[in-house]
Each structure stands twice: as C-alpha cells, then as structure tokens.
Amino acid sequence: MSEFEFDVPDARDYRVTFTVEAAEAADRMAPHRRELLGRGLSNLARDPYHKASAPVGTHQDNRKAQVAPGILIEYLIGHGLMVVAVVTVFDEDLFLV
C-alpha cells in the first residue's frame, strides 16, 4: 500500500491517481520533494493539457510534464481521470557537468 496520497479538492479538477510504480517512486521522495510534486499535480489537475506539458507519442492523452524542478512525470488522461504512470526525479548531484 502506498503512503503517497493525493487529493484534488476542487470537483472541476481531474482526479489524480498513480500506478503502483509511480506511487512507489513518489513514496521514496524526500518530504519537501513530495510537497513540490503535490503542488505541481494540483496545478496540472486543473488543466492536464497545459502548455507546459507535451504529448508522448502520437496520442494527445498520453503526456509528460516537469511538475517541479527536477521532477518529471508521464501521465494518461481520460474521463476526468489523470493517471500518473512514471515519476522521475533528477538528482542535481548526478549531473555530468
């Protein structure tokens, strides 16, 4: 069971859920990063096709977005639901330059 829970309070927003893998990645984040992820997802849930996001492949409902500095997600949209499939965290200490 994932410890990471995300609830969007506004009924007009898309409901956000996670795959098991994405929830596990979110659970492993430091608390301040989880808070950033939550804030970014809250904004994205209001408009999952936001100009800061981009389609993945040829289907407009498969998307990616950098929701906070160093946090990239890939997600699927359908019927009022946003499913976060991948959460990638970039660690600044691991850059080559």
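Counting from 1, residues in each chain are numbered in the order their sequence is written. Given that this is a predicted model, residues contribute local features only at a pLDDT of at least 70 and side-chain atom pairs are listed and counted only at 80 or more, while totals for whole chains, interfaces and linings are drawn from all residues. Based on all heavy atoms of the structure, the side-chain values leave hydrogens and waters out of the count.

Caption draft 1: Here's a closer look at the overall build of the chain. Summing up its helical and strand segments, the chain has 2 helices and 5 strands in all. Put simply, DSSP marks the helices as runs of H or I at least four residues long and the strands as runs of E at least two long, and each gets a number from the N terminus on. Reading the secondary structure of the chain in the N-to-C direction produces β-α-α-β-β-β-β. Out of the 97 residues belonging to the chain, those deemed buried represent 35%. We call two residues in contact whenever any of their non-hydrogen atoms come within 4.5 Å of each other. Partitioning the intrachain contacts of the chain with sequence separation of at least 6 by distance along the chain shows that 45% fall at a separation of at least 24. Type-normalised accessible area, obtained with a 1.4 Å probe on protein chains alone, sets the label of each residue: buried when under 20%, exposed when over 50%, and partly exposed for intermediate values.

Caption draft 2: Focus on the pattern of salt bridges. Whenever Lys or Arg places a side-chain nitrogen within 4 Å of a carboxyl oxygen from Asp or Glu, that contact is recorded as a salt bridge. One pass over the full model with this rule turns up 1 salt bridge. With a shortest N-O distance of 3.3 Å, Glu35 and Arg39 are connected by a salt bridge. Pair noted here: Glu35 and Arg39 are both in helix 2 (residues 31–46), with a separation of 4 residues, about one helical turn.

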